[in-house]
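Working through the structure, step by step
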Amino acid sequence: MPIDRDKALRADPSVREIRWTTRDVLLYHLSLGAGAAAATDPEPHLTYEKGLTVLPTFALVAGTGISAGEAPAPGVEMPGIDVDLRAVLHAGQGLEVHRPLPASGTATLGSRVAEVWDKGKAALVVLESAATGPDGAPLWTTTTRIWARGEGGFSQDTGHGSEPGPGPEERWAAPDRPADTVLTTATTPQQALWYRLNGDLNPLHADPAFARAAGFERPILHGLASYGLVAKALVDGVLDGDVTRLTGLAVRFAGPLVPGESITTSVWRDGPPADDGTERLLLHAACPERDGAPVLTHATATVRS
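Quick summary incoming for the structure in this document. Given the structure is predicted, the values throughout are model-derived calculations rather than measurements.

Rules used in this analysis
- Residues numbered from 1 in each chain as written.
- Predicted model: local features only at pLDDT ≥ 70, side-chain atom pairs only at ≥ 80, totals over all residues.
- Heavy atoms only, no water.
- Salt bridge = Lys/Arg side-chain N within 4 Å of Asp/Glu carboxyl O.
- Helix = DSSP H or I, 4+ residues; strand = E, 2+ residues; numbered from the N terminus.
- Buried < 20%, exposed > 50% of the residue type's maximum accessible area, 1.4 Å probe, protein only.
- Contact = heavy atoms within 4.5 Å.

1. As for the pattern of salt bridges
On inspection of all chains with the given rule, the structure shows 10 salt bridges. Here D135 and R99 are joined by a salt bridge, their closest N and O atoms 2.9 Å apart. In this pair, D135 is assigned in the loop between β6 (122-132) and β7 (138-149) and R99 in the loop between β4 (88-97) and β5 (105-118), connecting sequence segments 36 residues apart. The exposed category is assigned to D135, whose relative accessible area is 55%. Between R112 and E128 there is a salt bridge whose closest N-O contact spans 3.4 Å. Here R112 is found in strand β5, whereas its partner E128 is found in strand β6, with 16 residues between them in sequence. Taking relative accessible area as the criterion, R112 reaches 34% and is therefore assigned partly exposed. Residues joined by salt bridges that share partners form a network here, namely E43, K232 and D236.

2. Considering the environment of T132
Its location among the elements puts T132 in strand β6. Through-space distance from the C-alpha of T132 to that of H98 is 9.7 Å; in sequence the pair is 34 residues apart. Excluding residues within four positions of it along the chain, T132 makes contact with A107, T108, A137, P138 and L139.

Take it as geometry only, folks, not as evidence of what the structure does.
Now the structure itself:
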(Lines give C-alpha, C1' and ligand atoms only; values in the text may rest on other atoms or scores of the structure.)
Protein backbone atom coordinates (compact mmCIF):
# COMPACT_ATOMS: atom_id res chain seq x y z
CA MET A 1 0.00 0.00 0.00
CA PRO A 2 1.59 3.35 -0.99
CA ILE A 3 0.57 5.13 2.24
CA ASP A 4 0.44 3.61 5.73
CA ARG A 5 -0.49 6.50 8.02
CA ASP A 6 0.20 4.70 11.29
CA LYS A 7 3.62 3.53 10.15
CA ALA A 8 4.48 6.99 8.88
CA LEU A 9 3.53 8.74 12.14
CA ARG A 10 5.21 6.15 14.40
CA ALA A 11 8.52 6.16 12.56
CA ASP A 12 11.55 7.67 14.22
CA PRO A 13 12.86 10.83 12.56
CA SER A 14 15.50 10.32 9.91
CA VAL A 15 18.67 12.16 10.91
CA ARG A 16 21.56 13.22 8.71
CA GLU A 17 24.44 15.62 8.77
CA ILE A 18 24.45 18.37 6.16
CA ARG A 19 27.04 20.91 5.11
CA TRP A 20 27.15 23.93 2.83
CA THR A 21 29.72 26.42 1.62
CA THR A 22 29.69 30.00 0.42
CA ARG A 23 29.51 28.64 -3.15
CA ASP A 24 26.17 26.99 -2.38
CA VAL A 25 24.85 30.24 -0.94
CA LEU A 26 26.13 32.33 -3.86
CA LEU A 27 24.55 29.96 -6.39
CA TYR A 28 21.25 30.02 -4.50
CA HIS A 29 21.17 33.80 -4.54
CA LEU A 30 22.09 33.95 -8.22
CA SER A 31 19.34 31.42 -9.05
CA LEU A 32 16.88 33.91 -7.51
CA GLY A 33 18.14 36.77 -9.66
CA ALA A 34 20.60 38.42 -7.27
CA GLY A 35 22.98 40.66 -9.19
CA ALA A 36 20.71 40.84 -12.25
CA ALA A 37 21.24 44.61 -12.32
CA ALA A 38 24.97 44.33 -11.63
CA ALA A 39 25.83 47.47 -13.62
CA THR A 40 23.92 49.63 -11.12
CA ASP A 41 23.51 47.37 -8.06
CA PRO A 42 25.58 44.16 -7.90
CA GLU A 43 24.10 43.34 -4.46
CA PRO A 44 27.47 42.35 -2.96
CA HIS A 45 25.85 41.25 0.31
CA LEU A 46 24.25 38.42 -1.74
CA THR A 47 26.73 37.89 -4.59
CA TYR A 48 30.21 38.34 -3.12
CA GLU A 49 31.78 36.12 -0.48
CA LYS A 50 33.26 39.09 1.43
CA GLY A 51 30.53 40.19 3.84
CA LEU A 52 28.10 37.60 2.45
CA THR A 53 24.70 37.41 4.15
CA VAL A 54 22.26 34.54 3.65
CA LEU A 55 18.62 34.71 2.61
CA PRO A 56 16.79 32.64 5.24
CA THR A 57 15.03 30.59 2.56
CA PHE A 58 18.43 29.06 1.74
CA ALA A 59 17.54 26.67 4.57
CA LEU A 60 15.27 24.82 2.11
CA VAL A 61 18.25 23.81 -0.07
CA ALA A 62 21.07 23.64 2.50
CA GLY A 63 22.94 20.37 2.13
CA THR A 64 21.67 19.61 -1.38
CA GLY A 65 23.69 22.03 -3.53
CA ILE A 66 26.94 21.71 -5.45
CA SER A 67 28.95 20.94 -2.31
CA ALA A 68 26.79 17.87 -1.64
CA GLY A 69 28.04 16.03 -4.74
CA GLU A 70 25.68 14.02 -6.93
CA ALA A 71 22.11 14.77 -5.92
CA PRO A 72 19.81 11.83 -5.14
CA ALA A 73 16.90 11.07 -7.45
CA PRO A 74 13.89 13.21 -6.52
CA GLY A 75 11.01 11.55 -4.76
CA VAL A 76 9.00 11.27 -1.57
CA GLU A 77 10.20 8.22 0.33
CA MET A 78 9.79 7.97 4.09
CA PRO A 79 8.51 5.08 6.24
CA GLY A 80 4.88 4.48 5.29
CA ILE A 81 5.09 6.89 2.32
CA ASP A 82 5.87 5.66 -1.19
CA VAL A 83 4.22 7.63 -3.98
CA ASP A 84 4.79 8.20 -7.70
CA LEU A 85 6.81 11.36 -8.35
CA ARG A 86 4.48 12.23 -11.25
CA ALA A 87 1.54 12.29 -8.82
CA VAL A 88 3.23 14.68 -6.40
CA LEU A 89 2.69 18.43 -6.13
CA HIS A 90 4.35 20.71 -3.60
CA ALA A 91 1.27 22.10 -1.85
CA GLY A 92 2.74 24.40 0.76
CA GLN A 93 5.86 25.45 2.59
CA GLY A 94 6.62 26.94 5.97
CA LEU A 95 9.92 28.12 7.44
CA GLU A 96 10.90 29.47 10.85
CA VAL A 97 14.48 30.69 11.26
CA HIS A 98 15.73 30.69 14.83
CA ARG A 99 18.90 32.69 14.19
CA PRO A 100 20.72 34.12 11.15
CA LEU A 101 22.18 31.43 8.89
CA PRO A 102 25.96 31.28 8.49
CA ALA A 103 27.43 31.60 5.00
CA SER A 104 29.04 28.18 5.44
CA GLY A 105 28.61 25.51 8.03
CA THR A 106 27.22 22.18 9.13
CA ALA A 107 24.02 21.10 10.82
CA THR A 108 22.17 18.03 12.03
CA LEU A 109 18.85 17.71 10.20
CA GLY A 110 16.03 15.59 11.61
CA SER A 111 12.99 14.89 9.41
CA ARG A 112 9.69 13.17 10.12
CA VAL A 113 6.14 12.79 8.85
CA ALA A 114 4.12 15.11 11.07
CA GLU A 115 0.67 14.24 9.63
CA VAL A 116 -1.07 12.53 6.71
CA TRP A 117 -4.53 13.66 5.67
CA ASP A 118 -6.82 11.48 3.55
CA LYS A 119 -8.49 13.80 1.04
CA GLY A 120 -10.42 11.10 -0.82
CA LYS A 121 -8.85 11.24 -4.28
CA ALA A 122 -5.52 12.48 -2.91
CA ALA A 123 -3.37 12.52 0.21
CA LEU A 124 -1.86 15.55 1.94
CA VAL A 125 1.43 14.63 3.59
CA VAL A 126 2.97 17.05 6.09
CA LEU A 127 6.73 16.73 6.56
CA GLU A 128 8.65 18.51 9.32
CA SER A 129 12.41 19.06 9.44
CA ALA A 130 14.45 20.70 12.17
CA ALA A 131 18.11 21.72 11.92
CA THR A 132 20.51 22.29 14.79
CA GLY A 133 24.01 23.71 14.59
CA PRO A 134 27.22 22.12 15.94
CA ASP A 135 26.56 23.89 19.25
CA GLY A 136 23.22 22.08 19.58
CA ALA A 137 21.17 25.27 19.24
CA PRO A 138 18.30 25.28 16.72
CA LEU A 139 18.91 26.90 13.32
CA TRP A 140 15.61 26.46 11.48
CA THR A 141 12.40 24.43 11.29
CA THR A 142 10.52 23.72 8.07
CA THR A 143 7.07 22.34 7.33
CA THR A 144 6.45 20.95 3.85
CA ARG A 145 3.04 19.95 2.48
CA ILE A 146 2.95 17.39 -0.31
CA TRP A 147 -0.22 16.79 -2.35
CA ALA A 148 -0.20 13.23 -3.75
CA ARG A 149 -2.86 12.74 -6.41
CA GLY A 150 -4.54 9.36 -6.53
CA GLU A 151 -3.16 8.30 -3.12
CA GLY A 152 -6.25 8.94 -0.97
CA GLY A 153 -8.68 6.40 0.44
CA PHE A 154 -6.13 4.85 2.81
CA SER A 155 -8.14 5.73 5.95
CA GLN A 156 -11.16 3.56 5.08
CA ASP A 157 -9.71 0.30 6.39
CA THR A 158 -7.43 1.60 9.12
CA GLY A 159 -9.86 2.63 11.83
CA HIS A 160 -9.54 6.33 11.07
CA GLY A 161 -13.03 6.65 9.65
CA SER A 162 -14.58 6.04 6.26
CA GLU A 163 -14.81 9.67 5.21
CA PRO A 164 -11.87 11.70 3.90
CA GLY A 165 -10.18 13.77 6.59
CA PRO A 166 -10.76 17.53 6.59
CA GLY A 167 -7.07 18.40 6.52
CA PRO A 168 -5.51 21.24 8.45
CA GLU A 169 -7.70 24.27 8.97
CA GLU A 170 -6.19 27.49 7.69
CA ARG A 171 -7.54 30.93 8.51
CA TRP A 172 -6.37 33.62 6.14
CA ALA A 173 -8.02 36.55 4.45
CA ALA A 174 -6.58 39.57 2.68
CA PRO A 175 -7.57 42.84 4.37
CA ASP A 176 -10.40 44.78 2.76
CA ARG A 177 -8.11 47.60 1.68
CA PRO A 178 -5.38 48.22 -0.88
CA ALA A 179 -2.06 46.54 -0.21
CA ASP A 180 0.48 48.57 1.74
CA THR A 181 3.18 47.56 -0.75
CA VAL A 182 3.17 45.85 -4.15
CA LEU A 183 6.41 44.22 -5.30
CA THR A 184 7.07 42.98 -8.85
CA THR A 185 9.73 40.35 -9.55
CA ALA A 186 10.76 39.27 -13.03
CA THR A 187 11.96 35.77 -13.90
CA THR A 188 14.08 34.68 -16.84
CA PRO A 189 13.45 31.86 -19.34
CA GLN A 190 16.35 29.89 -17.83
CA GLN A 191 15.36 30.50 -14.19
CA ALA A 192 14.32 26.90 -13.52
CA LEU A 193 17.53 25.57 -15.10
CA TRP A 194 19.56 27.74 -12.73
CA TYR A 195 17.44 26.80 -9.72
CA ARG A 196 17.83 23.05 -10.40
CA LEU A 197 21.51 23.38 -9.51
CA ASN A 198 20.50 23.89 -5.88
CA GLY A 199 19.78 20.15 -5.81
CA ASP A 200 16.17 19.66 -6.96
CA LEU A 201 16.67 17.84 -10.28
CA ASN A 202 13.00 16.95 -10.75
CA PRO A 203 12.62 16.65 -14.56
CA LEU A 204 9.34 18.56 -14.30
CA HIS A 205 11.45 21.71 -14.40
CA ALA A 206 13.62 20.83 -17.40
CA ASP A 207 12.16 18.02 -19.54
CA PRO A 208 9.28 19.09 -21.84
CA ALA A 209 8.06 15.51 -22.33
CA PHE A 210 7.97 14.85 -18.57
CA ALA A 211 6.16 18.15 -18.01
CA ARG A 212 3.51 17.24 -20.60
CA ALA A 213 3.03 13.82 -18.98
CA ALA A 214 2.42 15.64 -15.68
CA GLY A 215 -0.23 17.85 -17.29
CA PHE A 216 1.77 20.99 -18.08
CA GLU A 217 2.41 22.51 -21.49
CA ARG A 218 6.10 22.99 -20.72
CA PRO A 219 8.50 22.86 -17.75
CA ILE A 220 7.51 25.06 -14.84
CA LEU A 221 9.43 26.90 -12.17
CA HIS A 222 10.03 25.15 -8.85
CA GLY A 223 7.57 26.14 -6.17
CA LEU A 224 10.51 26.81 -3.86
CA ALA A 225 11.98 29.13 -6.50
CA SER A 226 8.78 31.22 -6.45
CA TYR A 227 8.95 31.05 -2.65
CA GLY A 228 12.54 32.30 -2.64
CA LEU A 229 11.79 35.03 -5.17
CA VAL A 230 9.00 36.38 -2.97
CA ALA A 231 11.26 36.22 0.09
CA LYS A 232 13.98 38.18 -1.72
CA ALA A 233 11.41 40.73 -2.90
CA LEU A 234 10.29 41.22 0.72
CA VAL A 235 13.86 41.68 1.93
CA ASP A 236 14.64 44.14 -0.86
CA GLY A 237 11.37 46.05 -0.91
CA VAL A 238 10.17 46.04 2.71
CA LEU A 239 13.12 45.14 4.98
CA ASP A 240 15.79 47.51 3.63
CA GLY A 241 17.87 44.61 2.30
CA ASP A 242 18.44 43.16 5.79
CA VAL A 243 18.06 39.38 5.44
CA THR A 244 18.12 38.87 9.22
CA ARG A 245 14.80 40.70 9.61
CA LEU A 246 12.86 37.94 7.82
CA THR A 247 12.35 35.16 10.37
CA GLY A 248 9.41 33.21 8.98
CA LEU A 249 7.49 32.58 5.78
CA ALA A 250 4.54 30.24 5.22
CA VAL A 251 2.69 29.88 1.90
CA ARG A 252 0.29 27.70 -0.04
CA PHE A 253 1.31 27.01 -3.63
CA ALA A 254 -1.74 27.91 -5.69
CA GLY A 255 -0.57 27.73 -9.29
CA PRO A 256 2.47 27.20 -11.51
CA LEU A 257 4.75 29.88 -12.84
CA VAL A 258 6.45 29.47 -16.22
CA PRO A 259 10.04 30.73 -16.40
CA GLY A 260 10.01 34.15 -18.04
CA GLU A 261 6.80 35.27 -16.33
CA SER A 262 6.79 37.64 -13.37
CA ILE A 263 5.38 37.65 -9.85
CA THR A 264 3.47 40.53 -8.27
CA THR A 265 3.41 40.28 -4.49
CA SER A 266 0.86 42.29 -2.52
CA VAL A 267 1.87 42.96 1.09
CA TRP A 268 -0.35 44.02 4.00
CA ARG A 269 0.85 44.81 7.51
CA ASP A 270 -1.26 42.81 9.96
CA GLY A 271 -1.43 45.16 12.93
CA PRO A 272 1.29 46.81 15.03
CA PRO A 273 4.51 45.04 16.07
CA ALA A 274 4.24 42.56 18.93
CA ASP A 275 5.94 43.03 22.29
CA ASP A 276 8.91 40.96 21.08
CA GLY A 277 9.48 43.35 18.18
CA THR A 278 8.15 41.04 15.47
CA GLU A 279 5.54 41.97 12.92
CA ARG A 280 3.22 39.83 10.81
CA LEU A 281 2.74 40.49 7.11
CA LEU A 282 0.03 39.01 4.88
CA LEU A 283 1.01 38.24 1.30
CA HIS A 284 -0.60 37.28 -1.98
CA ALA A 285 1.53 36.57 -5.05
CA ALA A 286 0.10 36.43 -8.58
CA CYS A 287 1.21 36.30 -12.21
CA PRO A 288 0.26 39.48 -14.10
CA GLU A 289 0.92 37.86 -17.50
CA ARG A 290 -1.97 35.48 -16.80
CA ASP A 291 -4.54 38.02 -15.62
CA GLY A 292 -3.46 37.83 -12.00
CA ALA A 293 -3.58 34.04 -11.66
CA PRO A 294 -2.53 33.19 -8.09
CA VAL A 295 0.92 31.69 -7.49
CA LEU A 296 1.28 31.84 -3.69
CA THR A 297 -1.74 32.29 -1.40
CA HIS A 298 -2.57 32.05 2.31
CA ALA A 299 0.89 33.53 2.81
CA THR A 300 2.26 35.10 5.98
CA ALA A 301 5.69 36.42 6.86
CA THR A 302 7.16 37.13 10.26
CA VAL A 303 9.64 39.99 10.31
CA ARG A 304 11.59 41.96 12.86
CA SER A 305 10.46 45.58 12.87
